[in-house]
Amino acid sequence: YAYRGSSEMDNLLMNQVESDLLRIIKSRFNIDFKDLEGSTFKDLLGREIGLAARDLLYIYFDIIKEFNITIPEEDILQGKFSTINGLIDIVVKQM
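Definitions and cut-offs
- Residues numbered from 1 in each chain as written.
- Predicted model: local features only at pLDDT ≥ 70, side-chain atom pairs only at ≥ 80, totals over all residues.
- Heavy atoms only, no water.
- Salt bridge = Lys/Arg side-chain N within 4 Å of Asp/Glu carboxyl O.
- Helix = DSSP H or I, 4+ residues; strand = E, 2+ residues; numbered from the N terminus.
- Buried < 20%, exposed > 50% of the residue type's maximum accessible area, 1.4 Å probe, protein only.
- Core = buried A, V, L, I, M, F, W, Y, C linked by side-chain atoms within 4.5 Å.
- Contact = heavy atoms within 4.5 Å.

Let us look at the pattern of salt bridges. Inspection of the entire model under this criterion finds 7 salt bridges. Glu66 is the salt-bridge partner of Arg23, the closest N and O atoms lying 2.7 Å from each other. In this pair, Arg23 sits in helix α1 (residues 7-29) while Glu66 sits in helix α2 (residues 53-67), placing the two residues 43 residues apart along the sequence. Take Arg23: its relative accessible area is 42%, and that puts it in the partly exposed class.

Formed by 24 residues in total, the largest nonpolar core has its most connected members in Ile59 and Ile63. Residue assignment for this core shows that the elements contributing at least two residues are α1, α2 and α4 (84-94). Apart from the residues lying within four places of it in its own chain, the contact partners of Ile59 are Ile25, Phe29, Leu51, Phe81 and Leu87.

Those residues of α4 that sit buried are Ile84, Gly86, Leu87, Ile88, Ile90, Val91 and Val92. Where α4 is buried, its residues touch α1, α2 and α3 (73-77).

Here you go:
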């Protein structure tokens, strides 16, 4: 059982994870999500963001290395690995 702190602590953790993920993506793909309104909900493979499927593999391994977590296969199969918000949820859940 993982201890879940107050919602304020959860929000701080989620904000930090989001910041780290956006930094990882910006450094690897030079995409600044701050320039794309509502982009954390958009499909990373969609036309607006335009990543290729292989790019998700880079993100996958970057997340594992950065956060020292494992990403459950079911999260990927359920499509949670396709948006920034989905990535945040995966990372926070595994911490």
